[in-house]
Amino acid sequence: MMTNLSREGLSNLRVNMNSLRSASLSEVPIIGVLVEVRTYKHLLYLLIALPLGFAYSALFSMLVLGIVFTVVGIGVVIALATLFGIRAVAGFERWLANTLLDTELEEYDDVAVDVDGALGDVTKYIEADSTWRGVGFLSVKFLITVFAFVPLFMLANGLPLISAPLRYPLTTQLGEVNGEPVRWSIETFPEALLAVAIGLGVVLGTLHVANVSAYVTRQMATALLGAEDSRHD
């Protein structure tokens, strides 16, 4: 019995020590982002934003098309369907923000319930502020998508440099200047160590940029996607 208790105590001690190490390292300036779980959640959010951005641009194209063709009737149907689609997508974005950006948002309760007829069922969503808040968020989210290319490009170039001591001699491409590729030939061990230092710097910079981007998006989501959950006040 004592042996089992001792083993359990040692196991808990190891867990606590590991937690303390992670907590203390996360408080170190600049490099603390390496051990923060939220950093990688923010990075995942940026990665997901890339394909979503293209989908949202298609959604807004449909909205514009519907507005243009309202004069012939079919445009009204297209515009209304697109607005309902945007409301659904805004709900998904609210869930995504709660999951990866640590927000606690609830759906806006601004859709009227005391309406009559099919026309009232439609207009209540058009008149709801949450519909147009969703339009606003998705339009600005497209800019976040464009910005997401920057940290992901940095990460794609920084990670190969970190493994340079295991792979040299090698030639890595660092980007392009005036359409011409910029390459670095790493042929010696000191050059490989320099590559590691540069790669670590690039990766750290990427993670900090991802956190800044997540902070901006979190403020946008809080303002446009939902009300703060009162249960967590």
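In this text, all values refer to a predicted model and were calculated from it rather than measured experimentally. (Residues numbered from 1 in each chain as written. Predicted model: local features only at pLDDT ≥ 70, side-chain atom pairs only at ≥ 80, totals over all residues. Heavy atoms only, no water.)

Enquirer: Requested: an account of the overall build of the chain, with residues and values cited.
Expert: Assigned secondary structure in the chain consists of seven helices and four strands. Its helices and strands in sequence order give the chain the pattern α-α-α-β-α-α-α-β-β-α-β, from N to C terminus. Here the chain, with 233 residues, has 33% of them falling under the buried criterion. Sequence-distant contacts in the chain: of pairs separated by 6 or more residues, those separated by 24 or more amount to 66%. (Helix = DSSP H or I, 4+ residues; strand = E, 2+ residues; numbered from the N terminus. Buried < 20%, exposed > 50% of the residue type's maximum accessible area, 1.4 Å probe, protein only. Contact = heavy atoms within 4.5 Å.)

Enquirer: Outline the packing of aromatic side chains, supporting the account with residue identities and numerical values.
Expert: The tally for this structure, following the rule as stated, stands at three aromatic pairs. Consider the rings of Tyr 168 and Phe 189, whose centres lie 6.2 Å apart with planes at 50°: the pair is tilted. Here Tyr 168 is found in the loop between α6 (164-167) and β2 (170-177), whereas its partner Phe 189 is found in helix α7 (residues 189-224), with 21 residues between them in sequence. Residue classification places Tyr 168 among the partly exposed positions, given a relative accessible area of 30%. Phe 189 gets classed as partly exposed once you look at its relative accessible area, which sits at 42%. (Phe/Tyr/Trp six-rings, centres within 6.5 Å; stacked < 30°, edge-to-face > 60°.)

Enquirer: Tell me about the packing of helix α2 (residues 37-68) against helix α5 (residues 129-162), and please be specific about residues and values.
Expert: Closest axis-to-axis distance for the α2/α5 pair is 7 Å, and the angle between their directions is 135°. Comparing the axis directions of α2 and α5 gives the class oblique. The element α2 and its partner α5 pack so that their crossing is left-handed. Split by residue class, the contact of α2 with α5 holds 21 nonpolar, four polar and one charged. (Axes fitted to C-alpha atoms, helices over the stretch in contact; angles between N-to-C directions. Parallel < 35°, antiparallel > 145°, perpendicular 65-115°, else oblique. Left-handed = near helix turned anticlockwise from the far one by under 90°. Nonpolar A, V, L, I, M, F, W, Y, C, P; charged D, E, K, R; others polar.)

Enquirer: For the nonpolar core, give the residues involved together with the corresponding values.
Expert: Counting 35 residues, the largest nonpolar core has Phe 137 and Leu 138 as the members making the most contacts within it. Residue assignment for this core shows that the elements contributing at least two residues are α2, α3 (74-100), α5 and α7. By residue number, the principal contributor to this core is α2, which donates nine residues. Every residue in contact with Phe 137, bar those within four places of it in the chain, is listed here: Tyr 45, Glu 93, Thr 217, Met 220, Ala 221, Leu 224 and Leu 225. In this structure, Leu 161, Trp 184, Ile 186 and Ala 192 belong to the second largest nonpolar core, which totals seven residues. (Core = buried A, V, L, I, M, F, W, Y, C linked by side-chain atoms within 4.5 Å.)

Enquirer: Give a description of unusual backbone geometry that names residues and reports values.
Expert: Cis geometry is found at the peptide bond from Tyr 168 to Pro 169, where omega equals 0°. Among the structural elements, Pro 169 can be located in the loop between α6 and β2.

Enquirer: I'd like to hear about α5, residue by residue, with values.
Expert: With 34 residues, α5 extends 49 Å from end C-alpha to end C-alpha; this agrees with the ideal 50 Å at 1.5 Å per step. Approximately 25° is the largest bend angle found in α5, and it occurs at Phe 147, with the proline Pro 151 only one to four residues beyond. (Expected span 1.5 Å × (residues − 1). Bend = angle between axes of the 7 residues up to and from the residue.)

Enquirer: Which residues make up the pattern of salt bridges, and what values do they have?
Expert: Within this structure, the stated rule accounts for four salt bridges. Lys 41 is the salt-bridge partner of Asp 102, the closest N and O atoms lying 2.9 Å from each other. Remark: Lys 41 occurs in helix α2 and Asp 102 occurs in the loop between α3 and β1 (105-106); sequence separation between them is 61 residues. When its relative accessible area of 22% is taken as the criterion, Lys 41 is described as partly exposed. Between Glu 107 and Arg 87 there is a salt bridge, with the nearest N and O atoms lying 3.9 Å from each other. (Salt bridge = Lys/Arg side-chain N within 4 Å of Asp/Glu carboxyl O.)

Enquirer: Explain α2 to me, using residue names and the numbers behind them.
Expert: In a regular helix each residue adds 1.5 Å, so 32 residues correspond to 46 Å; α2 covers 46 Å between its end C-alpha atoms and thus fits that length. At Leu 50, α2 shows its largest kink, close to 35°, and the proline Pro 51 lies no more than four residues downstream.

Enquirer: Talk me through the environment of Ala 227; I want residue IDs and the actual numbers.
Expert: Here Ala 227 is to be found in strand β4 (residues 227-228). As for Ala 227 and Asp 109, which are separated by 118 residues in sequence, their C-alpha atoms are 8.7 Å apart. Once you skip the residues sitting within four places of it in the chain, Ala 227 turns out to touch Glu 104, Leu 105, Glu 106 and Tyr 108.

Geometry only, nothing functional implied.
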